[in-house]
Amino acid sequence: MNVLAQLEDYSRRHPAEVLLVEAMVGEAWEVVLIFKGVSSSLVRSTAVDADLPVLPMEAVITTVDRLASPYNPNAPVYLERGISWRDFQARCIGRKLIEG
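Here's a quick rundown of the structure. (Residues numbered from 1 in each chain as written. Predicted model: local features only at pLDDT ≥ 70, side-chain atom pairs only at ≥ 80, totals over all residues. Heavy atoms only, no water.)

1. What to know about helix α2 (residues 85-93)
- Listed in full, the buried residues belonging to α2 are Trp 85, Phe 88, Gln 89, Cys 92 and Ile 93. For α2, the angular spread of buried residues about the axis comes to 105 degrees, placing them on one side.
- Against the buried residues of α2 lie α1 (3-13), β1 (17-25), β4 (60-68) and β5 (78-84).
- Gly 94, located one to two residues past α2, shows a positive phi value of around 80 degrees. (Buried < 20%, exposed > 50% of the residue type's maximum accessible area, 1.4 Å probe, protein only. Helix = DSSP H or I, 4+ residues; strand = E, 2+ residues; numbered from the N terminus. Arc of directions from axis to C-beta. Contact = heavy atoms within 4.5 Å.)

Shown next, in the form of structure tokens:
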């Protein structure tokens with residue numbers, strides 16, 4: 001399962017949370033908001049076709065923020081901020097990490 005699918009799956013299982021994800025795609029910075037399994041880019045337009053991934057496979061997740069739902073961009077309620085992808089994967093998703 002790719003990283004975006006993992007995050008979307010987590011958000012479906014935790015509907016009281018919104019994920020704010022920062023990633024690098026090549027040299028471009030990307031910010032994605034994920035809620036109830038739906039991803040939306042906050043940096044560029046998001047394709048109407050839900051089958052097109054918001055983040056490509058080569059995206060490198062830098063941090064994940066957990067926010068309370070409903071999300072209010074004027075007054076966000078952070079549950080946890082600046083979680084590294086490695087920590088989020090280990091703690092929140094429960095995936096065992098394999099050292100390479």
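2. Observations concerning the packing of aromatic side chains
- All chains considered together, the criterion is met by two aromatic pairs.
- Seen in terms of ring centroids, Trp 85 and Phe 88 are 6.3 Å apart; in terms of plane orientation they differ by 20 degrees. Their pairing is stacked. Taken together, the residues span about one helical turn, with Trp 85 and Phe 88 both in helix α2 at a distance of three residues.
- Trp 85 gets classed as buried once you look at its relative accessible area, which sits at 12%. (Phe/Tyr/Trp six-rings, centres within 6.5 Å; stacked < 30°, edge-to-face > 60°.)

3. Thoughts on α1
- Listed in full, the buried residues belonging to α1 are Leu 4, Gln 6, Leu 7, Glu 8, Tyr 10 and Ser 11.
- Looking at the packing, one finds that the buried side of α1 touches β1, β2 (28-35), β3 (38-41), β4 and α2.
- At the N-terminal end of α1, a side-chain oxygen is found 3.0 Å from the backbone nitrogen of Leu 4, two or three residues along, and the residue is Asn 2. (Polar contact = N/O pair within 3.5 Å; in protein donor to acceptor, adjacent residues only side chain to side chain.)

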